[in-house]
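What follows is each chain in one-letter form.
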Amino acid sequence: MTSSYEARKFGIKSAMPISQAYRLCPSAIFTPPNFPLYTAASESVMSILRSYSDKFEQVSIDEAFIDITTKINSSKNEIEKVAAAIKTEIREKEKLSCSIGVASNKLVAKIASDFKKPDGLTIIENGREKDFLSQLPVRKLTGVGAKTEAVLKEMGVNTIGELAELPLYFMEKQFGKYGYYLHDSANGIDETEVEENYEVKSINRNTTFEEDTKDESIIFAVMDEMIEDAHAALILAGLSCKTVGVRVRFGDFDTHTKEKTLSETTTSKEAVKKMARQLLREFFSDKRKIRQIGMRLAHLKEVDKKQKTVSQYFR
DNA sequence: TCTGGGGTCCTAGGACCC
DNA sequence: TCTGGGGTCCTAGGACCC
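First, a word on scope: everything that follows refers to the structure included in this document.

Calculation criteria
- Residues numbered from 1 in each chain as written.
- Chains lettered and ligands numbered in written order.
- Predicted model: local features only at pLDDT ≥ 70, side-chain atom pairs only at ≥ 80, totals over all residues.
- Near = placed C-beta within 6 Å.
- Helix = DSSP H or I, 4+ residues; strand = E, 2+ residues; numbered from the N terminus.
- Nonpolar A, V, L, I, M, F, W, Y, C, P; charged D, E, K, R; others polar.
- Core = buried A, V, L, I, M, F, W, Y, C linked by C-beta atoms within 7 Å.
- Buried ≥ 20, exposed ≤ 12 C-beta atoms within 10 Å, placed from the backbone.
- Contact = placed C-beta atoms within 7 Å.
- Arc of directions from axis to C-beta.

**Description of the protein's contact with DNA strand C**
Inference 1: Ser-60, Gly-145, Lys-147, Thr-148 and Thr-261 are the nearest of the 17 residues found near DNA strand C.
Inference 2: Among the secondary structure elements, those contributing two or more residues to the surface near DNA strand C are helix H7 (146-154) and strand S7 (255-266).
Inference 3: Tallying contributions element by element places S7 first for the surface near DNA strand C, with six residues.
Inference 4: Of the residues that constitute the surface near DNA strand C, the class distribution is two nonpolar, nine polar and six charged.

Encoded structure:
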């Protein structure tokens with residue numbers, strides 16, 4: 001899943017198979033994950049961050065934005081004081097270090113936070129955004145992954161500065177809506193607000209079998225477990241769902257999905273189970289063994305006991 | 001050689017409605 | 001022989017993030 005900075009010196013990276021990691025460094029210590037611990041630490045850190053601003057946005061288990069525009073004047077000295085205070089509080093309460101990026105927008109702040117790790121602080125002054133980005137490889141831009149990097153490289157574009165030079169009409173023609181985003185980002189422009197995102201859009205569960213299988217009893221048993229888990233999460237969040245999907249990855253990594261939208265939103269585990277089984281069964285005609293199965297609940301809606309839905313009135 | 005799990009967003013085609 | 005335009009929803013696939 002991930003590796004310490006010590007292990008990284010041996011070339012071990014996050015999401016690397018442990019067999020490969022072992023080959024790179026046989027003396028490394030391998031330890032299973034402990035998600036309840038990480039979640040608890042995350043919640044503690046997030047509440048610390050929240051206390052520094054009224055505008056907070058959690059991005060993942062270990063990343064968040066805070067907008068402190070109205071809290072301080074933007075002198076470098078003042079910024080450094082706040083950053084130091086945050087680091088100290090997190091270190092004292094959770095014995096963790098963190099890296100901080102400060103900039104006039106989220107895009108640049110995020111890239112800045114990644115600039116010096118671990119335990120870094122990178123401040124990009126107002127007006128220096130584009131300049132800071134220009135020398136960095138395009139892959140550093142949020143939203144540019146392996147595929148886009150390859151396409152850009154083919155076009156002779158390696159750095160964000162080179163990307164910023166490409167005219168907007170060309171970017172639009174080449175990448176559509178994404179082209180506008182790339183153009184703005186490369187120029188250090190991002191006008192999205194720091195805001196907390198409440199609603200979850202989907203609940204997903206996936207399981208990779210220890211060995212590829214065609215055994216339907218194993219496959220259904222694992223699917224049932226995932227449904228139990230996902231359904232519990234659905235109910236806990238006070239949600240209902242309208243769409244049930246399944247996903248199958250065959251031994252050759254070929255991956256397919258099937259999903260079905262119900263006529264009415266539901267909280268019924270049995271309804272979800274029935275639909276998932278039905279969708280899953282459609283894949284059994286394939287001769288290949290299955291490596292991974294997954295399921296998802298989507299079209300989530302808050303359950304409100306007092307208010308009846310329109311369709312209920314018409315029934 | 002080997003490729004995790006939980007998410008979001010976008011695209012494109014087709015069905016269907018007025 | 002020729003058969004609109006605007007819109008929504010559903011489904012499948014894919015890129016990307018941490």
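Next, the rest of the story.
**Considering the protein's contact with DNA strand B**
Inference 1: Taken together, 17 residues lie around DNA strand B, and Ala-15, Lys-177, Lys-201, Ser-202 and Thr-208 are the ones closest in.
Inference 2: Among the elements that make up the surface near DNA strand B, the one with the highest residue count is strand S5 (residues 202-213) (seven residues).
Inference 3: A per-class count over the surface near DNA strand B returns six nonpolar, eight polar and three charged.

**Digging into unusual backbone geometry**
Inference 1: Residue Pro-118 is bonded to the preceding Lys-117 through a cis peptide linkage, with omega at -5°.
Inference 2: Mapped onto the elements, Pro-118 comes out in the loop between helix H5 (106-115) and strand S4 (121-123).
Inference 3: Its identity is not glycine, yet Asp-119 carries a phi of approximately 55°, on the positive side.

**Overview of the nonpolar core**
Inference 1: Formed by 22 residues in total, the largest nonpolar core has its most connected members in Val-102, Val-108 and Ala-112.
Inference 2: Those elements that provide at least two residues to this core are strand S2 (63-67), strand S3 (100-102), H5, helix H8 (160-165) and helix H10 (177-186).
Inference 3: With five residues, H5 is the single largest residue contributor to this core.
Inference 4: Setting aside anything within four residues of it in sequence, one finds Val-108 in contact with Ala-103, Ile-124, Glu-129, Phe-132, Leu-133, Gly-188 and Asp-190.
Inference 5: By size, the runner-up hydrophobic cluster in this structure holds 18 residues, among which are Ile-227, Leu-234, Val-244 and Leu-297.

**Examining H10**
Inference 1: Along H10, the positions that sit buried rather than exposed are Leu-182, His-183, Ser-185 and Ala-186. Looking down the long axis of H10, one finds its buried residues gathered within 170° of arc, a one-sided arrangement.

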